[in-house]
Amino acid sequence: MAMDSSGGPPREAWGSKAAFVLAAAGSAIGLGNIWGFPTTAANNGGAAFLVIYLCAVLFIGAPVMLAELILGRKSQRNPVGAFKAIMPDSSWWLVGGLGVLTGLMILSFYSVIAGWTLAYILKTATGVFEAGADTTAIFLGVAANPWQALMWHGLFMLITIGVVVKGVKDGIERWTKVLMPLLFALLVLLALRAVTLSGGGSGLSFYLQPDFSVVTPGVVLAAVGQAFFSLSLGMGAMITYGSYVSRDQNLETSAGWVTGFDTMIAFLAGLIIFPTLFHAGLDPNQSGPGMVFVVLTSLLSTIPPAPYGGIIFGTGFFLLLAIAALTSSVSLLEVVTSWGVDEKGWTRKQAAWMIGAAAFVVGVPSALANGAVSWLSSGWPQGPDFLSFMFAVWGQYSLVVGALLISLFVAWVWGVQAAGDEVRADGTRFRFEAVWRFLIRYVCPLALLGVLWTLVQALF
Ligand code: PHE
């Protein structure tokens, strides 16, 4: 039934395999690794969460990653178009539609947090984080001030739009190549500093010595959701990026590299945050969206020679974090933009501007949810702040639903044979085909159904 895509419009493509892997890794590596992962791990028991997270990445994330790349390259379309091309006259395109909507929603709050990183570039550069500085008060000075929060949110959205308007090769590809390796190097240095802090040892055991008695269904759900968010799965980002991959490239190893890079960076971020958190005597269970900003900056004044070590390190770190966030936000906007271009016939420029503006507006309550407006910040009448709420609904649950439907589609509707043929289209062997078939047909759907089932039960 599969329709060949050769009749479609000419499509932009990545310059090389390395460029594609880096761009996809750029989408995956972002705030989810350095902000989301440590925050979620802290709130969900630490090491036990880490173990479940790693299993989720390996057994559910990696196979779904490959499935999405296959759908994208086969169809050469955006998520909605991909399902329409492969299975015309069916309702499966709704899965892509959910993905596009999810992309818009995630972008709306993602840009708020990324906006804080922009503000922090300035703050670190001007030496605000000297020894004894009240890092919580400094954080609230940005996040709880409505004008600051909205301004940085808007600025970050503008930059994202600017990159997406430029397109795949000149916009996305050029930057990721240099900056991702640099971010990695800085993270390693920060981790070395963190693990040698006094009191850091108890942070390390919180992070690395699992206590499985703390595991509840909620912890499993958080780990699986976090894995999808971090790997940019479940909403079609990898379908979209896969659609720009040419047929002579190997999808299997690409999926492996992207998954591996992303997981390594998240793990490193934990190595930085947990020792620092315990060194500073903070309670990991009490940490909200601001945790990473508050905790990391308290490390800066300990980097010799004071104050320059901290200034150079801190500025470099937030600059790279902002860039990592940008390569992710670009992929979010790109998903929705490619839908607007392919399905609605808008120009790339129109689509990027309209959708970016919409995401800005939708993000306003999230921007005001960290102290600026009290009922958004503490939940109404009680509960999580609005940003955490958006993260849970769109950044976790919706991705789990999306991934479940994508794996069902590839495994049982379109079929693993056709999918395998697409992997082999570059003329090489599909080495882990048997393993992948087993995971995508049985393990992924059952595990994801289980996760959703616990979620539904928790609601009642
Ligand atoms: N993976 C990105 C991050 O970790 C966020 C993201 C999620 C990007 C979903 C695209 C799609 O920051």
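This section reports on the structure supplied with the text.

As for the overall build of the protein
Right, on to step 1. Secondary structure assignment for the protein yields 18 helices and 0 strands.
Right, on to step 2. A compact globule built from 460 residues should have a C-alpha radius of gyration of about 23 Å, and the protein, at 21 Å, falls within 12% of that.
Right, on to step 3. Dimensions along the principal axes, computed over C-alpha positions, put the protein at roughly 65 × 50 × 45 Å.
Right, on to step 4. Across the 460 residues in the protein, those meeting the buried criterion constitute 57%.
Right, on to step 5. Once local pairs closer than 6 in sequence are excluded, the contacts in the protein between residues at least 24 apart make up 84%.
Right, on to step 6. For the protein, the accessible surface area stands at approximately 17400 Å², while carbon and sulfur atoms represent 69% of it.
Right, on to step 7. The protein carries 21 positive and 21 negative side-chain charges, and their two centres are separated by 7 Å.

Focus on unusual backbone geometry
Right, on to step 1. Of note, the phi angle at Gln76 is positive, near 55 degrees, even though the residue is not glycine.
Right, on to step 2. Its place among the elements puts Gln76 in the loop between helix 3 (47-75) and helix 4 (79-86).
Right, on to step 3. One non-glycine residue with positive phi stands out, namely Ser232, at about 60 degrees.
Right, on to step 4. One can find Ser232 in the loop between helix 10 (217-230) and helix 11 (237-242).

Overview of helix 6 (residues 135-143)
Right, on to step 1. Looking at helix 6, one finds that the buried residues are Thr135, Ile138, Phe139, Val142 and Ala143. Buried residues of helix 6, seen end-on, are gathered within an arc of 125 degrees and therefore sit on one face of the element.
Right, on to step 2. Elements that come into contact with the buried residues of helix 6 comprise helix 5 (93-125), helix 7 (146-166), helix 13 (291-300) and helix 15 (348-367).

Overview of the side chain of Ser230
Right, on to step 1. Within the element layout of this structure, Ser230 appears in helix 10.
Right, on to step 2. Of the residues examined, Ser230 reaches a relative accessible area of 0% and is grouped as buried.
Right, on to step 3. Setting aside residues no more than four positions away along its own chain, Ser230 makes contact with Ala28, Gly32, Asn33, Tyr53 and Asp262.

A closer look at the packing of helix 5 against helix 14 (residues 308-344)
Right, on to step 1. Between helix 5 and helix 14, whose axes approach to 8 Å, the crossing angle comes to 160 degrees. In this view, helix 5 runs roughly antiparallel relative to helix 14, as classed from their interaxial angle. Relative to helix 14, the crossing made by helix 5 is left-handed.
Right, on to step 2. A per-class count over the contact of helix 5 with helix 14 returns 21 nonpolar, 7 polar and no charged.

Here's the deal with the site of the ligand
Right, on to step 1. Taken together, 14 residues lie near the ligand, and Ala28, Gly32, Tyr110, Phe229 and Ser232 sit nearest.
Right, on to step 2. Leu31 is positioned with one of its backbone polar atoms (N or O) 3.1 Å from an oxygen atom of the ligand.
Right, on to step 3. If the ligand stood free it would expose 330 Å²; the protein chains cover 100% of that surface.
Right, on to step 4. Looking at the shell around the ligand, the elements with two or more residues in it are helix 1 (17-28), helix 2 (31-43), helix 10 and helix 14.

Side note on the state of the cysteines
Right, on to step 1. Counted by the stated rule, this structure contains 0 disulfides.
Right, on to step 2. There is no disulfide at Cys55, and the cysteine sulfur nearest it, in Cys444, is 13 Å away.
Right, on to step 3. The class for Cys444 is buried, based on a relative accessible area of 0%.

Brief notes about a nonpolar patch on the surface
Right, on to step 1. On the surface, Trp412, Val413, Phe438, Tyr442, Leu446 and Leu449 cluster together to form a nonpolar patch covering roughly 610 Å² of accessible area.
Right, on to step 2. Among the secondary structure elements, those contributing two or more residues to the nonpolar patch are helix 17 (386-423) and helix 18 (433-459).
Right, on to step 3. Per element, the largest residue contribution to the nonpolar patch is 4 residues, and it comes from helix 18.
Right, on to step 4. Of note, Leu449 is situated in helix 18.

With respect to the packing of helix 10 against helix 17
Right, on to step 1. At a minimum axis distance of 9 Å, the contact between helix 10 and helix 17 shows a crossing angle of 85 degrees. One element, helix 10, and the other, helix 17, form an angle in the roughly perpendicular class. For the pair formed by helix 10 and helix 17, the contact residues are Leu221, Ala222, Val224, Gly225, Gln226, Phe228 and Phe229 on the first element and Phe391, Gly395, Gln396, Tyr397, Leu399, Val400 and Ala403 on the second.
Right, on to step 2. For the contact of helix 10 with helix 17, a count of residues per class yields 10 nonpolar, 4 polar and no charged.

Rules used throughout
- Residues numbered from 1 in each chain as written.
- Predicted model: local features only at pLDDT ≥ 70, side-chain atom pairs only at ≥ 80, totals over all residues.
- Heavy atoms only, no water.
- Helix = DSSP H or I, 4+ residues; strand = E, 2+ residues; numbered from the N terminus.
- Rg over C-alpha atoms; globule rule 2.2 N^0.38 Å.
- Buried < 20%, exposed > 50% of the residue type's maximum accessible area, 1.4 Å probe, protein only.
- Contact = heavy atoms within 4.5 Å.
- Areas by Shrake-Rupley, 256 points an atom, 1.4 Å probe, with all protein chains shown as cover.
- Lys, Arg positive; Asp, Glu negative; His and termini not counted.
- Charge placed at Lys NZ, Arg CZ, Asp CG, Glu CD.
- Arc of directions from axis to C-beta.
- Axes fitted to C-alpha atoms, helices over the stretch in contact; angles between N-to-C directions.
- Parallel < 35°, antiparallel > 145°, perpendicular 65-115°, else oblique.
- Left-handed = near helix turned anticlockwise from the far one by under 90°.
- Nonpolar A, V, L, I, M, F, W, Y, C, P; charged D, E, K, R; others polar.
- Near = heavy atom within 4 Å.
- Polar contact = N/O pair within 3.5 Å; in protein donor to acceptor, adjacent residues only side chain to side chain.
- Disulfide = S-S within 2.5 Å.
- Patch = residues over 30% accessible without salt bridge, like charges linked within 9 Å, V, L, I, M, F, W, Y side chains within 5 Å.
- Salt bridge = Lys/Arg side-chain N within 4 Å of Asp/Glu carboxyl O.

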